[in-house]
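Coordinate inspection notes
Single-letter residue listing:
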Amino acid sequence: MANPSFRQGIRDSIFILLAVGAFGVAFGVLAVEAGLSLWLTVLASVIIVSGAAQFALVGLLATGTAPVLVATTGLALRHIPMSAKLAQLIGPQPLRTRLRLAWVLVDETFGLTLRASATGVEDVVAYKTAADLMLYSGWVVGTAVGALVGSAIDPEQAGINVVFPLMFLGLAAPLVRVRRDWIVAIAAVAAALVATYVLPSAWQVTSAATIAALIGVFVHE
């Protein structure tokens, strides 16, 4: 019988599976359009596991390696406080467990894990493992689907950019509990919609997420 915390992690991350899967399709389509091969596109999602960094990679690919390194390094800096907090939550664990949890250290499952820990989930490791499996599966499978059909799709005509606000809605759904959550979620969707029409694709997700995070800091219940 599956660990109760693992089952709870699966249930709580169903929306993330769907939203990240759609996001992965968008990445696959745009990556192939930018000139990446199918296998390299999928490999990026298998290894990097960072939507913001991968979209920045695709958007800045034509400008050279330096802008890509600067952008992705900046995005990766948030993993330092995230790692410290996660280490505090899980306590002493074998090296293989810590490496597994660090492999999928992303905002969505990190946020779910924080909330689950605060609400008294029994096994934080099992919970995050389940959430990570859901997100990772959706991301890699979505990327593969997008890469396979990418050469036959015009991203603008297909409305690929609409995936961004939909992704924020899907990711916010499991976390929305109080008025502040709703305000931040709506702000993220609005920011994503504005970014879609104003900013280059490389900065859309990052900018929308940053705006929503800042609103979350200043908006109180």
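These remarks concern the structure in this document. (Residues numbered from 1 in each chain as written. Predicted model: local features only at pLDDT ≥ 70, side-chain atom pairs only at ≥ 80, totals over all residues. Heavy atoms only, no water.)

What follows concerns the overall build of the chain. Helices and strands together make up the secondary structure of the chain, namely 13 helices and zero strands. Taken from the N to the C terminus, the helices and strands of the chain come in the order α-α-α-α-α-α-α-α-α-α-α-α-α. In the chain, which comprises 221 residues, the proportion classed as buried is 44%. Summarising the internal contacts of the chain: among those between residues at least 6 apart in sequence, 79% fall at separations of at least 24. (Helix = DSSP H or I, 4+ residues; strand = E, 2+ residues; numbered from the N terminus. Buried < 20%, exposed > 50% of the residue type's maximum accessible area, 1.4 Å probe, protein only. Contact = heavy atoms within 4.5 Å.)

With that settled, consider the packing of aromatic side chains. Evaluation of the coordinates by the stated rule reveals two aromatic pairs. With 5.7 Å between their ring centres and 40° between their planes, Phe23 and Trp139 make a pair best called tilted. Pair noted here: Phe23 is in helix α2 (residues 14-33) and Trp139 is in helix α9 (residues 124-150), with a separation of 116 residues, a long-range link. Linked through ring pairs, Phe23, Phe27 and Trp139 together constitute an aromatic cluster. (Phe/Tyr/Trp six-rings, centres within 6.5 Å; stacked < 30°, edge-to-face > 60°.)

This part takes up the pattern of salt bridges. Side-chain pairs of opposite charge can arise whenever the charged atoms involved come near each other. Under the criterion given, the structure shown has two salt bridges. In this structure, Asp12 engages Arg115 in a salt bridge whose closest nitrogen and oxygen atoms are separated by 3.4 Å. On the criterion of sequence distance, the pair formed by Asp12 in helix α1 (residues 4-12) and Arg115 in helix α8 (residues 107-118) is long-range, its members being 103 residues apart. Ionic pairing is found between Asp132 and Lys128, a salt bridge with its closest N-O pair at 2.6 Å. (Salt bridge = Lys/Arg side-chain N within 4 Å of Asp/Glu carboxyl O.)

Another aspect to go through is the environment of Ala130. Topologically, Ala130 is positioned in helix α9. Counting along the chain gives 118 residues from Ala130 to Asp12, while the straight-line C-alpha distance between them is 9.3 Å. Leave out the neighbours within four places in its chain, and Ala130 touches Phe6, Gly9, Ile10 and Ser13.

Close contact between helix α6 (residues 79-90) and α8 brings their axes to 11 Å; oriented N to C, the two are set at 35°. Relative to α8, α6 is oriented so that their crossing is left-handed. Residues Met82, Lys85, Leu86 and Leu89 of α6 form the contact with α8, whose participating residues are Asp107, Phe110, Thr113, Leu114 and Ser117. Tallied by class, residues from the contact of α6 with α8 come to five nonpolar, two polar and two charged. (Axes fitted to C-alpha atoms, helices over the stretch in contact; angles between N-to-C directions. Left-handed = near helix turned anticlockwise from the far one by under 90°. Nonpolar A, V, L, I, M, F, W, Y, C, P; charged D, E, K, R; others polar.)

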